[in-house]
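One letter stands for each residue in the lines below.
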Amino acid sequence: MITFGIGVFAFFVAFLVVHTGLLVAAEIELHRYAVRTKAIGLRERVRSPLVPAVSILVPAYNEGLSIADSVRSLLALDYPRTEIVVINDGSADDTIERLTKEFGLRRITRPTPPYLPHMPVRGIYAPASDLRLLVVDKENGGKADSLNAGINFASHPLFCAVDGDSMLEQDALVKTALPFVEDPIRTVASGGLIRIANGCRIETGRVAEARLPAERLPMFQVIEYARAFFAARTGWSAIGGLLIISGAFGIFRTDMVIAAGGYRTGIVGEDMELVLRLHRVCRLRGKPYRIVYVPDPVCWTEAPASAKVLRRQRSRWHRGLIEALYLHRRMMGNPRYGVVGLVALPSMLLFEALGPLIELAGYGVSLAALVAGVIAPLGFVLFLAVAILYGQFLTLGAIALEDATFNRYPAWGDLRRLLGYAFAESFGFRQMMHLWRLEGFWQLIRKSEWGAMERRGFSGSSPGQSGSSH
Amino acid sequence: MIGDLGDAVLALAALECVLLVVIVALRVHLRRNQRRVDQLRPCAELAIASYLAADASVGPETRPAQRAIWRDVALEAMTDLRGSERAALAHLLDDLGYVSEAASELGSRRRAVRRRGAETLAAVANQRSLQALATGLHDRDVQVRMTCARALAQASGTETLPEILAAVMRDVDAAPGAVADIVLALGREHPEALDQLLDPAAPGAPAAVWSIAMAVIGELRLAQHAPRLRGTLGERPGDRHLAATARALGMIGDVDAVPPLIVLAEDEDRAPVARAAAVTALGSIGDPSAVGSLATLVRHEDWDLRTAAASALCGLGHKGRLALEQAAQSPAQPVREQAQAILQS
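Residues numbered from 1 in each chain as written. Chains lettered and ligands numbered in written order. Predicted model: local features only at pLDDT ≥ 70, side-chain atom pairs only at ≥ 80, totals over all residues. Heavy atoms only, no water.

Visitor: Any chance you could break down the overall build of chain B for me, citing the residues and the numbers?
Guide: When its secondary structure is counted, chain B shows 18 helices and 0 strands. Over its C-alpha trace chain B gives a radius of gyration of 29 Å, far above what one expects of a compact globule, namely 20 Å for 345 residues. With the principal axes as the frame, chain B shows a C-alpha extent of 80 × 70 × 45 Å. Buried residues in chain B amount to 49% of all 345 residues. In chain B, the share of contacts with a sequence separation of at least 24, taken over all contacts with a separation of at least 6, comes to 62%. With an accessible surface of roughly 16000 Å², chain B has 55% of that area assigned to carbon and sulfur atoms. The average position of the 36 basic charges and that of the 42 acidic charges among the side chains of chain B differ by 5 Å. (Helix = DSSP H or I, 4+ residues; strand = E, 2+ residues; numbered from the N terminus. Rg over C-alpha atoms; globule rule 2.2 N^0.38 Å. Buried < 20%, exposed > 50% of the residue type's maximum accessible area, 1.4 Å probe, protein only. Contact = heavy atoms within 4.5 Å. Areas by Shrake-Rupley, 256 points an atom, 1.4 Å probe, with all protein chains shown as cover. Lys, Arg positive; Asp, Glu negative; His and termini not counted. Charge placed at Lys NZ, Arg CZ, Asp CG, Glu CD.)

Visitor: If you had to explain the overall build of chain A to someone new, which residues and values would you point to?
Guide: A tally of helices and strands in chain A yields 15 helices and 12 strands. The C-alpha atoms of chain A give 22 Å as radius of gyration, which agrees with the globular expectation for 470 residues (23 Å, within 12%). Taken along its principal axes, the extent of the C-alpha atoms in chain A is 80 × 50 × 45 Å. Looking at chain A as a whole, 62% of its 470 residues qualify as buried.

Visitor: Run through the confidence of the model for chain B, naming residues and quoting values.
Guide: Confidence in the prediction for chain B averages 89 pLDDT; 95% of positions are at 70 or higher. This prediction of the complex comes with two scores: 0.89 for pTM and 0.86 for ipTM. (pLDDT = per-residue confidence, 0-100.)

Visitor: Please give an account of the packing of aromatic side chains that cites residues and values.
Guide: Summed over all chains, the structure comprises 15 aromatic pairs over all chains. Geometrically, the ring pair formed by A:Phe220 and A:Phe429 is stacked, given 4.5 Å between the ring centres and 15° between the ring planes. With a gap of 209 residues between them, A:Phe220 in helix 7 (residues 216–238) and A:Phe429 in helix 15 (residues 429–447) connect regions that are remote in the sequence. Sitting over the face of the ring of A:Tyr326, A:Arg329 holds its NZ or CZ atom 4.2 Å from the ring centroid. Across the ring face of B:Tyr98, the terminal group of B:Arg67 is positioned such that the distance to the ring centre comes to 4.1 Å. (Phe/Tyr/Trp six-rings, centres within 6.5 Å; stacked < 30°, edge-to-face > 60°. Lys NZ or Arg CZ within 6 Å of the ring centre and 35° of its normal.)

Visitor: Talk me through helix 11 (residues 226–235) of chain B; I want residue IDs and the actual numbers.
Guide: Residues and elements named next belong to chain B. Restricting attention to buried positions, one finds in helix 11 the residues Ala226, Leu229, Thr232 and Leu233. Viewed along the axis of helix 11, the buried residues span an arc of 110°, placing them on a single side of the element. Away from its buried face, by an angle of more than 90 degrees, helix 11 presents the exposed residues Gly234 and Glu235. Along its buried surface, helix 11 packs onto helix 10 (207–219), helix 12 (239–252) and helix 13 (258–266). (Arc of directions from axis to C-beta.)

Visitor: Go over the sheet that holds strand 4 (residues 121–127) of chain A, please, and point to the residues and values.
Guide: Residues and elements named next belong to chain A. The mixed open sheet is built from 10 strands, whose spatial order is 3-4-5-2-1-6-11-8-12-7. Of all strands in the sheet, those bounded by a partner on one side alone are strand 3 (105–108) and strand 7 (167–168). Pairing geometry for strand 7 and strand 12 (residues 290–301), over 2 bridges, is antiparallel. Paired with methionine 167 across the bridge in strand 12 is tryptophan 300. (Pairing = 2+ DSSP bridges.)

Visitor: So what about the interface of chain A and chain B? Which residues, and what values?
Guide: On the side of chain B, 46 residues touch chain A, which itself brings 50 residues to the contact. At the boundary of chain A with chain B, total buried surface from both sides reaches about 4300 Å², with 65% on carbon and sulfur atoms. The salt bridge partner of A:Asp403 is B:Arg27, with a shortest N-O separation of 2.6 Å. Applying the counting rule to chain A against chain B returns 10 residue pairs in polar contact (both at pLDDT 80 or more). When residues of the side of chain A that touches chain B are traced back to their parent elements, those giving at least two are helix 1 (2–40), helix 2 (42–46), helix 6 (172–182), helix 13 (377–405) and helix 14 (412–424) of chain A. (Buried area = accessible area lost by both parts, 1.4 Å probe. Salt bridge = Lys/Arg side-chain N within 4 Å of Asp/Glu carboxyl O. Polar contact = N/O pair within 3.5 Å; in protein donor to acceptor, adjacent residues only side chain to side chain.)

Visitor: Kindly report on the pattern of salt bridges, identifying the contributing residues and their values.
Guide: Opposite charge on two side chains permits them to pair, given that their charged atoms come into close proximity. Inspection of every chain in the model, using the stated rule, returns 42 salt bridges over all chains. Taking the shortest distance from any N to any O, the salt bridge between A:Arg437 and A:Glu352 comes out at 3.1 Å. A residue pair is termed long-range when its members are at least 10 positions apart, and A:Arg437 in helix 15 and A:Glu352 in helix 11 (residues 338–353) qualify at 85 residues. With relative accessibility at 7%, the residue A:Arg437 sits in the buried group. Judged by its relative accessible area of 6%, A:Glu352 is buried. One salt bridge connects B:Arg275 with B:Glu268, and the closest N-O pair in it is separated by 3.2 Å. B:Arg275 gets classed as buried once you look at its relative accessible area, which sits at 3%. Judged by its relative accessible area of 54%, B:Glu268 is exposed.

Visitor: Residues and numbers for a nonpolar patch on the surface, please.
Guide: A grouping of A:Phe9, A:Val13 and A:Val17 is seen on the molecular surface, where their side chains present a nonpolar patch of about 280 Å² in accessible area. Structurally, A:Val13 is set in helix 1. (Patch = residues over 30% accessible without salt bridge, like charges linked within 9 Å, V, L, I, M, F, W, Y side chains within 5 Å.)

Visitor: Can you lay out the nonpolar core for me, pointing to particular residues and giving the numbers?
Guide: Formed by 128 residues in total, the largest nonpolar core has its most connected members in A:Ile56, A:Val86, A:Phe252 and A:Leu278. Core analysis: the second largest hydrophobic core is formed by 107 residues, B:Leu75, B:Ala118, B:Val209 and B:Val216 among them. (Core = buried A, V, L, I, M, F, W, Y, C linked by side-chain atoms within 4.5 Å.)

Visitor: If you had to explain the state of the cysteines to someone new, which residues and values would you point to?
Guide: A full pass over the atoms with the stated rule returns 0 disulfides over all chains. Of all cysteine sulfurs in the structure, the one in A:Cys299 sits closest to A:Cys160, which takes part in no disulfide; the separation is 8.4 Å. (Disulfide = S-S within 2.5 Å.)

Visitor: Tell me about the packing of helix 7 of chain A against helix 14 of chain A, and name the residues and values.
Guide: The angle between the axes and the distance between the axes are what describe a pair of packed helices. Residues and elements named next belong to chain A. Between helix 7 and helix 14, whose axes approach to 9 Å, the crossing angle comes to 90°. By the angle between their directions, the pair helix 7 and helix 14 is classed as roughly perpendicular. For the pair helix 7 and helix 14, the contacting residues are Arg216, Met219, Phe220, Val222 and Ile223 in the first and Arg417, Leu418, Tyr421, Ala422 and Ala424 in the second. (Axes fitted to C-alpha atoms, helices over the stretch in contact; angles between N-to-C directions. Parallel < 35°, antiparallel > 145°, perpendicular 65-115°, else oblique.)

Visitor: Tell me about the confidence of the model for chain A, residues and numbers included.
Guide: For chain A, mean pLDDT is 88; residues scoring 70 or higher make up 93% of the total. Between residues 466–470 of chain A, whose pLDDT stays under 50, and residues either more than four places distant or in other chains, the model counts 27 contacts.

Visitor: Break down the pairing of strand 11 (residues 249–253) of chain A for me, citing the residues and quoting the values.
Guide: Residues and elements named next belong to chain A. Among the 5 residues in strand 11, 5 count as buried, and that is most of the element. Burial of strand 11 is two-sided: the residues Phe249, Ile251 and Arg253 facing one way and the residues Gly250 and Phe252 facing the other way are all buried. Sheet topology places strand 6 (residues 158–162) next to strand 11; 5 bridges connect them, and they run antiparallel. Across the sheet, the residue bridging to leucine 158 is arginine 253, located in strand 11. Note that strand 8 (residues 187–196) and strand 11 share 3 bridges and pair antiparallel. Directly across from alanine 189, in strand 11, lies its bridge partner phenylalanine 252.

See the structure below:
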């Protein structure tokens, strides 16, 4: 029992040190970002003919209802040179027909480039006009497979992976591509901020007014995303330990991703796995590189509003996380990989992958000890209070960072709701999330399915590296 | 133990309370700022628009908050203005004392203030601000140095070129993107200055500067550098250097570069990246003497080389099209498909 107590205490102290450090690093980075973007004259910078062109890859599976709106909104993004590559992943609906009708597509002949393997291509379509759009119709193989096909057909030095159901703000691409403009030699990948669209006023495929969700579950997820993006991810990026760029929105150097072997198919967390592999490949090359998170660009995504969907999502995300960590286990604790190997990966393993198990086990053992009379009731309550208060402190820190920088929910009523949910999150929601994540862990152990995946549709990407467990 | 835990609970609760107060105070402060901006900004916008439209006189603003908003609005407007309107607004900013203010900001101890000063001076870019910008080339902050260097490259004469080039060489590692902007500005205003950046063997010349200069020469199609570039092809540098040189020559459309480009395209000892760049350049130049070589390369086993050759043939007129049609009859499926795809497009 004493050993267990020491273990839990050590876990808590490590958590406290890492996450407080991240919060401080995030504060410094956000301040630096605000000063930098104010001075650089964003609009003038992107007018430069040296700004790299971007291929926007949109994997689509049964998205006939929304795909035309998504493509139209992507075509209207502020960026000097783009092309849109839609990859229809063997949809059973009318995705291709809708695209053909909306954009006047015609079937063209184009041999499939051999850079990355993927399922066979059934046809290539392009508009008769000079619209920068290409549609690749391929057999079903999953999101990673579709992205690999998209990379093969991308003709620009950078590609941006976007979920078909995500909505990008007008200048999101410009801001996310800025690290490539500022440091074209070292920047390998760049991710942007993702927010929850539930409750927002949406007009023609764009968020016209940012509002908080009315429903409880999406509201709790707003809190999680704030912690994940404003505190954790910004902090990790500041110290060079960013491990995740969301599959919903990220820009990558095409040649580097091809050199790294593209997206890995047959796993759930292909977005995190790719970033880990890029770290590995770049470190082994021995040249300086940057994988960064830009805290400002906004990609809006719909969060699950029902417990059933949220449960499935969280258990899948957790499986993806463990798969990615397992596949790159040799990087863990390896000084060759610097901050990534020595700090970011062990933190990810301890606080994200094992965190739910440790925390729930902590509740169980403490309760058992309390019942057995090994610990005093007051001690038990105080320990719980410390854990809960520290979690809330981190959340409030993330809300403060959001408020001080972008302040997308400026009404006092919004602040009241954010704070209310930040406090309420610790009493039930967090424990429920842990249980569902453990379920993913359990599914993985039971099925031992490193690779076999029955999924054939896409769904939102993990906020990941999130501090979603406290 | 329980006492320690109790202390920790109290400390955390106190921290949370402090954080809550900070969040509320921050909101109050931000809202007050926003209200002030909402009040003052339309006046500044109207004053500037009236001045530009009718040359109406604009009185100097005295309150610091109002001056700051006025400056923000003017700098935003300058991003979109060109020609006489831009010059008029720059003149107005100088008259109202913003140039002197920005010049003194360059001496501030705060980095953010110096950056702001440099941005203002760079936007105005008149004779007085150029003098101040020249001092900014020695600032300890790389962003201030780069802002000053870019503005000087755009607006000053040749007298500051040595200092600008020195800043480019020194800071390319810390700020390659900003250096690219400066080299672009030099390419537009002082294209002859790029010559000094083209010698990768020159002492203190980083390879990154050479690559940036090469990209700018291609992008701006600076034909006066073509002889130097052709010479580089003959010097047989590394594959990446060769590829960048070939791309630049292709964008310039230098017909005299066709023979060395054909040699490079056919050189089996070179990496596909360099050979494909040479092939693409041959297509961009459009000289039919390259058809024979490209007709062979369109059957090459390397995908990139084959694709580049097929696309290049497309730009070589009737002879090129004939060669593509022959390739489209090839027994080799990949060759046939690629040629057919290009012909169809």
